[in-house]
Amino acid sequence: KLAAGEDYKKVALETAKFPLTDAKGEIVGVLGVSTDVGQRVETERELRLLTRAVEESTVLILITDPMGIIRYANRAWSEATGYSRDEAVGTSPRLLKSRSTPPATYAALWGALGAGKSWRGQMVNRRKDGSTYVEEKFVTPLLDEEGEPEAYISFGTDISAVVGLSCESKTVPTILLPPSKLVKA
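Just so it is clear, the model here is predicted, and its values are computed rather than measured. (Residues numbered from 1 in each chain as written. Predicted model: local features only at pLDDT ≥ 70, side-chain atom pairs only at ≥ 80, totals over all residues. Heavy atoms only, no water.)

Caption draft 1: Molecular detail of the sheet that holds strand 7 (residues 149-158). Ordered by their spatial adjacency, five strands build an open sheet running 4-3-7-6-5, and the pairing between neighbours is antiparallel. Two strands lie at the open edges of the sheet, namely strand 4 (70-73) and strand 5 (119-126), each paired on one side alone. Adjacent strand axes in the sheet meet at a mean angle of 30°, parallel and antiparallel pairs treated alike. Strand direction decides the pairing type here: strand 5 and strand 6 (residues 132-143), joined by eight bridges, are antiparallel. (Pairing = 2+ DSSP bridges. Helix = DSSP H or I, 4+ residues; strand = E, 2+ residues; numbered from the N terminus. Axes fitted to C-alpha atoms, helices over the stretch in contact; angles between N-to-C directions.)

Caption draft 2: Region of interest: the nonpolar core. Counting eleven residues, the largest nonpolar core is built from L60, L62, I70, A73, A76, W77, A80, Y83, A88, L96 and Y133. Of all the elements in the fold, those that place two or more residues in this core are strand 3 (60-64), strand 4 and helix 2 (75-81). Looking at this core, the element that brings in the most residues is helix 2, giving three residues. Listed in part, the eight residues of the second largest apolar core include Y106, L109, W119 and M123. (Core = buried A, V, L, I, M, F, W, Y, C linked by side-chain atoms within 4.5 Å. Buried < 20%, exposed > 50% of the residue type's maximum accessible area, 1.4 Å probe, protein only.)

Caption draft 3: Representation of helix 4 (residues 103-114). Along its twelve residues, helix 4 runs 16 Å from first to last C-alpha, staying within 8% of the 16 Å computed at 1.5 Å per residue. Looking at helix 4, one finds that the buried residues are T105, Y106, L109, A112 and L113. Projection of helix 4 onto a plane perpendicular to its axis shows the buried side chains occupying an angular sector of 135°, all on one side. Seen from the buried face of helix 4, the exposed residues on the opposite side, beyond 90 degrees, are P103, A104, A107 and G114. Buried-residue contacts for helix 4 involve strand 5, strand 6 and strand 7. (Expected span 1.5 Å × (residues − 1). Arc of directions from axis to C-beta. Contact = heavy atoms within 4.5 Å.)

Caption draft 4: Structural detail: a nonpolar patch on the surface. Where nonpolar side chains cluster on the molecular surface, the patch consists of F18, L20, V28, L31 and V33 and spans about 440 Å² of accessible area. Looking at the nonpolar patch, the elements that each hand over two or more residues are strand 1 (13-21) and strand 2 (27-36). For the nonpolar patch, the element with the highest residue contribution is strand 2, accounting for three residues. Take V28: it is sitting in strand 2. When its relative accessible area of 60% is taken as the criterion, V28 is described as exposed. (Patch = residues over 30% accessible without salt bridge, like charges linked within 9 Å, V, L, I, M, F, W, Y side chains within 5 Å. Areas by Shrake-Rupley, 256 points an atom, 1.4 Å probe, with all protein chains shown as cover. Salt bridge = Lys/Arg side-chain N within 4 Å of Asp/Glu carboxyl O.)

Caption draft 5: Here's a closer look at the pattern of salt bridges. For the structure shown, the criterion picks out eleven salt bridges. Between R75 and E55 there is a salt bridge whose closest N-O contact spans 3.7 Å. Of this pair, R75 sits in helix 2 while E55 sits in helix 1 (residues 38-56), placing them 20 residues apart in sequence. Assessed through its relative accessible area of 43%, R75 is described here as partly exposed. Look at E55 and you get buried, because its relative accessible area is 15%. In this structure, a network of salt bridges that share partners links the residues E14, R40 and E44.

Caption draft 6: The packing of aromatic side chains, seen in detail. All chains considered together, the criterion is met by one aromatic pair. Taking 5.8 Å as the distance between ring centres and 90° as the angle between the ring planes, the aromatic pair formed by W110 and Y152 counts as edge-to-face. Highlighted residues: W110 in helix 4 and Y152 in strand 7, separated in sequence by 42 residues. Y152 gets classed as buried once you look at its relative accessible area, which sits at 9%. (Phe/Tyr/Trp six-rings, centres within 6.5 Å; stacked < 30°, edge-to-face > 60°.)

Keep in mind that these numbers describe shape and distance, not what the molecule does.
And the structure:
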């Protein structure tokens, strides 16, 4: 019986039950063991929410391993690039490379990531159909317990309309906006 002012509390329990038998092998009872799994249930709920947020985001999200191999691409990334998640996973982001992004941009990106720092900039990328788009990107390393990159995550936005690049155009301007002119999402 609860004391005055106390409320019932819902708890998530994981229960295992085992039959108790006598010397003849007949069931005479049940032994039950319960474990409070409330924290695990809450963690799983939070993980489902985070997964939905990433998947349903309009931001282009790409996750690679430390070697630059794609491990995850969200729906917005697939829609923007024309590559399905299945086509992208296991490949390199180089599949988007156009010749319009200056080599110095890639050097700055990998220089920052190699130093364990984030990078922000713009790239002209090529879609599966060959058309191009300008993407404003923010790429950051996800570090493990020892401070080593476990993965890299890229957040991007197609800013082609802002810089005047026609998505149908095969000719791409090689001059990108300076950081001071970037559009904030």
